[in-house]
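Okay, here's what each chain looks like letter by letter:
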Amino acid sequence: MKIKTLLISCVTLCLSLMLSACNKEPQQISFEGKTMGTTYHIKYIDDGQIENLAKPEEVQQQLESVLKMVNNEMSTYQKNSQISEFNNFRQVDTPFPVSRDFALVVEEAIRLNKVTEGALDITVGPLVNLWGFGPDKRLNKEPTVEQINEKAKAVGINKIIATLENNGENSKGNLIKKDPELYVDLSSIAKGFGVDKLAEYLDQLGLQNYLVEIGGELRGKGNNLQGQPWRIAIEKPEFTPGTASQITVPLHNLGMATSGNYRNYFEDEQGNRLSHIIDPKTLRPISHNLASITVFSPSTMTADGLSTGLFVLGSEKALEIAERENLAIFLIIKKGQGYETKMSTAFEKLINQK
């Protein structure tokens, strides 16, 4: 009888513990750090439904390992990264082995080059450096036409080929140069890819509600602690940080990226502000009245690359392509002393979703 009573007590205790775990009050886990020359911020909701979920400090450690790997592959600021080694590689028509992720990013950049009618070009790195916006030393004056033309000889998306082996997670990639001086810069797309990689790891943990951000590029899944979709404010462009927002958007299972010329610019000898984004057609920093563009896509990598390419094109062409490709974009356009906003049909549908 005593044994039976003891067994019932043990079962009751186990059921109580199980019910207690199931009824755990959801909590938001948040942490931040530095990466890719900027900062990252991550939030996720622990609702107690995942058995043996790693401790927050362990999750952050793994996420930082993911970021370190992305940097080791795609950072031009690291001399021993895969991209730096490829840029220093001088043999043409010769496969250069790279990681699966590196090849995937280059493949997507090549695809987006076509979507943006050549405006997104990851080979403009020599010109970016020449104008003082890359890892090279910043210039104090505008480069000469001769300097620009010399660097432009190695620029062109047709000068690089990316191939990928189809062996699942064990796949490897290859990059092939058609010009020995080809220089690849993935700064227009790598942050977005980094966001996707962090989200991929959180998915593997089984988390259903999170928000990931690297340097302003974001991706959200599920809901926040209040059970509402993550809402993101699109910032009004001013020349100082901390300005009022223009509009808030629900980031439900979407990536988001913004490009603009109101923060990072070059000032020439005459005091003119020149954007840090280079137009592959003019070989110069862009100069139009589009202040910023925000793009939404299931992939933050894609949103990141599109935001750069469409920004280069200006507001009218960007909207034309957005309507043709069914892209959700939001534009802030400089007009006199103020700003006006425009949006694509897909974006309007996005903010009207209930």
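Keep in mind the model is a prediction, meaning the values are calculated, not measured. (Residues numbered from 1 in each chain as written. Predicted model: local features only at pLDDT ≥ 70, side-chain atom pairs only at ≥ 80, totals over all residues. Heavy atoms only, no water.)

(A) Quick look at the overall build of the chain. What the chain contains, in helices and strands, is 10 helices and 17 strands. Counting all 354 residues of the chain, 49% fall into the buried class. Summed over all atoms, the accessible surface of the chain reaches about 18400 Å², with 50% contributed by carbon and sulfur. (Helix = DSSP H or I, 4+ residues; strand = E, 2+ residues; numbered from the N terminus. Buried < 20%, exposed > 50% of the residue type's maximum accessible area, 1.4 Å probe, protein only. Areas by Shrake-Rupley, 256 points an atom, 1.4 Å probe, with all protein chains shown as cover.)

(B) Here's a closer look at the environment of N174. Mapped onto the secondary structure, N174 falls in strand β5 (residues 172–177). Here the alpha-carbon distance between N174 and T94, two residues 80 residues apart in the chain, equals 9.1 Å. When residues no more than four places from it in sequence are discounted, the contact partners of N174 are P95, F96, P97, V98, I161, A162, T163 and E165. (Contact = heavy atoms within 4.5 Å.)

(C) Molecular detail of the sheet that holds strand β10 (residues 254–260). The 8 strands are arranged β1-β2-β6-β7-β10-β15-β16-β17 in an open sheet whose pairing can be described as antiparallel. Across the chains shown, the open sheet's two edge strands, defined by having one partner strand only, are β1 (27–35) and β17 (338–343). Taking each pair of neighbouring strands and ignoring which way they run, the sheet shows an average axis angle of 15 degrees. Inspection of the sheet shows strand β2 (residues 38–46) paired to strand β6 (residues 210–214) by 5 bridges, in the antiparallel sense. Bridging across to β6, I42 finds its partner in V212. With respect to the sheet, helix α2 (residues 56–74) is in contact with β1, β2 and β6, its orientation differing from that of β1 by roughly 35 degrees. Lying over the sheet, helix α7 (residues 190–204) contacts β2, β6 and β7 (217–221), oriented at roughly 155 degrees with respect to β6. (Pairing = 2+ DSSP bridges. Axes fitted to C-alpha atoms, helices over the stretch in contact; angles between N-to-C directions.)

(D) How the structure looks around the packing of aromatic side chains. Under the criterion given, the structure shown has 5 aromatic pairs. Each ring, one from F296 and one from F347, has its centre 5.6 Å from the other, and the planes form 40 degrees; the classification is tilted. With F296 in strand β15 (residues 290–297) and F347 in helix α10 (residues 345–351), the pair connects residues that are 51 residues apart, well separated along the chain. Given the relative accessible area of 0%, F347 is considered buried. Chaining the aromatic ring pairs together yields one cluster made of F86, F89 and F96. Looking at K177, its charged tip hangs above the ring of F86, at a distance of 5.1 Å from the centre. (Phe/Tyr/Trp six-rings, centres within 6.5 Å; stacked < 30°, edge-to-face > 60°. Lys NZ or Arg CZ within 6 Å of the ring centre and 35° of its normal.)

(E) Representation of the environment of I29. Position of I29 relative to the elements: it lies in strand β1. Separated by 15 residues in sequence, I29 and Y44 have C-alpha atoms that sit 5.4 Å apart.

(F) Up close: α7. If you check α7, its first and last C-alpha atoms are 21 Å apart, about what 15 residues at 1.5 Å a residue would give, namely 21 Å. Taking burial as the measure, the 15 residues of α7 include 11 buried ones, the bulk of the element. Where α7 is buried, its residues meet β2, α2, α4 (100–115), β6, β7 and α8 (300–313). In the segment just after α7, G206 is the residue with positive phi, at about 90 degrees. (Expected span 1.5 Å × (residues − 1).)

(G) Structural context of the nonpolar core. F102, V106, V184, L186, I293, L310 and I329 are the most contacted members of the largest nonpolar core, which has 47 residues in total. Take this core: its biggest share by element is 7 residues, from α4. In this structure, I293 is in contact with A257, T258, S259, S307, L310, F311, A318, I329, F330 and L331, ignoring residues within four places of it in sequence. (Core = buried A, V, L, I, M, F, W, Y, C linked by side-chain atoms within 4.5 Å.)

(H) A look at the pairing of β15. When you tally the buried positions in β15, you get 8 out of 8 residues, the bulk of the element. Sheet topology note: the β10/β15 ladder contains 6 bridges and is antiparallel. Residue pairing for β15: G255 is matched across the bridge by S297.

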